[in-house]
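A look at the structure
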Amino acid sequence: MKLLEVMGKVSARVLRPADIARFLRVERAAAPVRANREVALLVNLMTVAVERGDIDVNLCKQVKRHLERPRTEAPEPETFPALLAWLNTQGATASGHRADGGVRCDGRVTAH
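Summarised in this report is the structure supplied together with it. (Residues numbered from 1 in each chain as written. Predicted model: local features only at pLDDT ≥ 70, side-chain atom pairs only at ≥ 80, totals over all residues. Heavy atoms only, no water.)

With that settled, the discussion passes to the pattern of salt bridges. Tallying each qualifying case throughout the model produces six salt bridges. For Glu38, the salt bridge is made with Arg28, and the minimal N-O distance between the two is 2.8 Å. On the criterion of sequence distance, the pair formed by Glu38 in helix α3 (residues 32–52) and Arg28 in the loop between α2 (17–27) and α3 is long-range, its members being 10 residues apart. Two residues, Asp54 and Arg52, come together in a salt bridge whose shortest N-O distance is 3.0 Å. Judged by relative accessible area, which is 27%, Asp54 ranks as partly exposed. Sharing partners across several salt bridges, the network here consists of Arg28, Arg34 and Glu38. (Salt bridge = Lys/Arg side-chain N within 4 Å of Asp/Glu carboxyl O. Helix = DSSP H or I, 4+ residues; strand = E, 2+ residues; numbered from the N terminus. Buried < 20%, exposed > 50% of the residue type's maximum accessible area, 1.4 Å probe, protein only.)

Structure, rendered in structure tokens:
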């Protein structure tokens, strides 16, 4: 994860909004959506630091993230049976739920 590589040793107390902006615009310029996800993680970590009293303000919230375009394509319904068949071969998840999440090929939710 690039976030750890760039900011892993930096104390939250010395981090500035400019550092976060640089990470977004320079360090992760080639992967803007991924940069947004990594900053979202940093936002959550900084929130914990605020709650613990380590810092006073979550500086990540002062930095504008990259704009993202919503996806315009959805999987074709014909592909769902094959995907669900593969998921069912994966067995139950750690929480004990079926791998298909209880969603049938026709889009209806099944009871567990």
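With that settled, the discussion passes to the side chain of Glu38. Owing to a relative accessible area of 1%, Glu38 belongs among the buried residues under this scheme. Ignoring anything within four residues of it in the chain, the contact list for Glu38 reads Met1, Lys2, Leu3, Phe23 and Arg28. (Contact = heavy atoms within 4.5 Å.)

A separate point is the packing of α2 against α3. Taken N-terminus to C-terminus, the directions of α2 and α3 make an angle of 155 degrees; their axes are 9 Å apart at the nearest point. As far as their axial angle goes, α3 and α2 are roughly antiparallel. Every pair of crossing elements has a handedness; the one defined by α2 and α3 is right-handed. On the side of α2, the interface is formed by Ile20, Phe23 and Leu24, while α3 contributes Ala35, Asn36, Glu38, Val39 and Leu42. A per-class count over the contact of α2 with α3 returns six nonpolar, one polar and one charged. (Axes fitted to C-alpha atoms, helices over the stretch in contact; angles between N-to-C directions. Parallel < 35°, antiparallel > 145°, perpendicular 65-115°, else oblique. Left-handed = near helix turned anticlockwise from the far one by under 90°. Nonpolar A, V, L, I, M, F, W, Y, C, P; charged D, E, K, R; others polar.)

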